[in-house]
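This is what each chain is made of:
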Amino acid sequence: TKVIDAEQWSLIVEMRVSLAFPFLMLIVARFRWVAVACGVLFAFACSKLYAARGGTNDLMANDIIGSLLLTGRYTALFLFGIMLGSKLEDVRLKLRALPLPLHLGLCIAGAAIHVFMAAHNLIGHGYGDVLEGIFAVYLIGCCVSFPRTEAHMSGRVPQWLGDISYSLYLIHLPVLLGVLYLLNSHLPFAVNMAVAIPAMFASAHLMHVYVEKPSIVIARALAPSR
């Protein structure tokens with residue numbers, strides 16, 4: 001079967017982890033870094049078991065066991081987020097204490113590691129997930145730790161990009177493929193992309209306004225009141 005929207009692979013992972021999220025938060029609250037370390041080991045084990053069963057696709061498994069193993073593999077990333085949220089003030093203090101040259105070095109090192117892993121097809125491995133997850137936590141921490149950066153990130157355009165980000169994630173590939181299907185044989189690739197990129201953002205905005213926001217309102221109405 002052909003997949004129109006390959007980004008759907010993450011929805012089952014997000015749904016399963018959402019169901020277990022209260023349990024994960026309790027574990028992190030009780031065991032802190034030990035819980036995160038165990039989560040990383042669990043993710044490595046799931047990654048190895050998935051490969052041992054013949055799994056080669058890092059996004060979609062062939063059966064339910066493989067799908068559960070993929071979910072386990074990505075659970076550590078959610079633990080990183082929980083830990084960041086629970087220790088945000090400590091993270092802010094530690095990041096603010098680091099000198100600017102060290103921050104620049106960390107950003108350059110993170111980008112270099114990503115390029116190296118991409119060039120050597122290593123991103124799909126378990127340790128690649130962990131390294132990129134740690135770097136993502138660092139970047140998010142930096143965005144909320146420095147007043148000037150936080151002010152820039154609170155502007156209208158960054159706020160809008162944040163609002164539509166999930167809709168953009170879900171819809172960008174179908175829009176891109178649609179544009180390429182209609183125009184690629186008639187126009188240069190650069191023109192295709194000049195059409196596709198604004199179309200992706202416009203489609204994401206419409207999806208956010210007419211699908212995502214009404215869905216949030218309905219979900220809140222259905223949720224039991226406290």
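Criteria and cut-off values
- Residues numbered from 1 in each chain as written.
- Predicted model: local features only at pLDDT ≥ 70, side-chain atom pairs only at ≥ 80, totals over all residues.
- Heavy atoms only, no water.
- Helix = DSSP H or I, 4+ residues; strand = E, 2+ residues; numbered from the N terminus.
- Buried < 20%, exposed > 50% of the residue type's maximum accessible area, 1.4 Å probe, protein only.
- Contact = heavy atoms within 4.5 Å.
- Areas by Shrake-Rupley, 256 points an atom, 1.4 Å probe, with all protein chains shown as cover.
- Patch = residues over 30% accessible without salt bridge, like charges linked within 9 Å, V, L, I, M, F, W, Y side chains within 5 Å.
- Salt bridge = Lys/Arg side-chain N within 4 Å of Asp/Glu carboxyl O.
- Axes fitted to C-alpha atoms, helices over the stretch in contact; angles between N-to-C directions.
- Parallel < 35°, antiparallel > 145°, perpendicular 65-115°, else oblique.
- Nonpolar A, V, L, I, M, F, W, Y, C, P; charged D, E, K, R; others polar.
- Expected span 1.5 Å × (residues − 1).
- Arc of directions from axis to C-beta.
- Phe/Tyr/Trp six-rings, centres within 6.5 Å; stacked < 30°, edge-to-face > 60°.
- Lys NZ or Arg CZ within 6 Å of the ring centre and 35° of its normal.

Sorry if this is basic, but what is going on with the overall build of the protein chain here?
The helix and strand inventory of the protein chain stands at 9 helices and 0 strands. Going from N to C terminus, the protein chain has its helices and strands arranged as α-α-α-α-α-α-α-α-α. By its C-alpha atoms, the protein chain is 55 × 50 × 50 Å across when sized along the principal axes. Counting the 226 residues in the protein chain, one finds 27% classified as buried. Residue pairs at least 24 apart in sequence account for 69% of intrachain contacts in the protein chain once pairs closer than 6 positions are excluded. Of the roughly 14800 Å² that the protein chain leaves accessible, carbon and sulfur atoms contribute 72%.

So what exactly am I meant to see when it comes to a nonpolar patch on the surface here?
On the surface, Ile-12, Met-15 and Leu-19 cluster together into a nonpolar patch covering about 300 Å² of accessible area. Locating Leu-19 in the fold gives a position in helix H1 (residues 9-31).

Help me out: how do you make sense of the packing of H1 against helix H2 (residues 33-52) in this one?
Each pair of packed helices can be described by the angle between their axes along with the distance between the axes. Packing of H1 against H2 brings their axes to within 6 Å, and their N-to-C directions diverge by 125 degrees. Our classification of the angle between H1 and H2 gives oblique. Taken together, the residues of H2 that come into contact with H1 (itself represented by Ile-27, Val-28 and Phe-31) are Trp-33, Val-34 and Ala-35. Broken down by class, the residue content of the contact of H1 with H2 amounts to 6 nonpolar, no polar and no charged.

Teacher, can you tell me more about helix H5 (residues 100-119) here?
One full turn of an α-helix is made of 3.6 residues, so residues set three or four places apart face in the same direction. Taking 1.5 Å of rise per residue, the 20 residues of H5 would be expected to cover 28 Å, and the 29 Å separating its terminal C-alpha atoms lies within 8% of that figure. Taken residue by residue, H5 has His-103, Gly-110 and Met-117 as its buried positions. Here the buried residues of H5 occupy an arc of 65 degrees about the axis, which is enough to place them on one side. Exposed residues lying more than 90 degrees from the buried face of H5 are Leu-100, Pro-101, Ile-108, Val-115 and Ala-119.

Could you clarify how one ought to interpret the pattern of salt bridges in this entry?
Taken as a whole and assessed by the stated rule, the structure comprises 4 salt bridges. In this structure, the salt-bridge partner of Asp-129 is Arg-73, at a minimum N-O distance of 2.6 Å. Placement of Asp-129 in helix H6 (residues 126-143) and of Arg-73 in helix H3 (residues 64-86) is noted, with a sequence separation of 56 residues between them. For the residue pair Asp-129 and Arg-73, the accessibility class agrees, reading buried in each case. Two residues, Asp-90 and Lys-87, come together in a salt bridge whose shortest N-O distance is 3.2 Å. The exposure class of Asp-90 is partly exposed, given its relative accessible area of 34%.

Looking at this structure, I do not really get the packing of aromatic side chains. What am I missing?
What characterises a pair of aromatic rings is the spacing of the ring centres plus the angle enclosed by the ring planes. Under the defined criterion, the tally for this structure stands at 3 aromatic pairs. Across the ring face of Phe-31, the terminal group of Arg-30 is positioned such that the distance to the ring centre comes to 4.9 Å.

Could you clarify how one ought to interpret the environment of Gly-66 in this entry?
Looking at where Gly-66 falls in the secondary structure, it is placed in helix H3. In the structure, Gly-66 is positioned 12 residues away from Gly-54 in sequence and 9.3 Å away in space, judged by C-alpha atoms. Aside from chain neighbours lying at most four places away, what touches Gly-66 is Tyr-50, Arg-53 and Ala-61.

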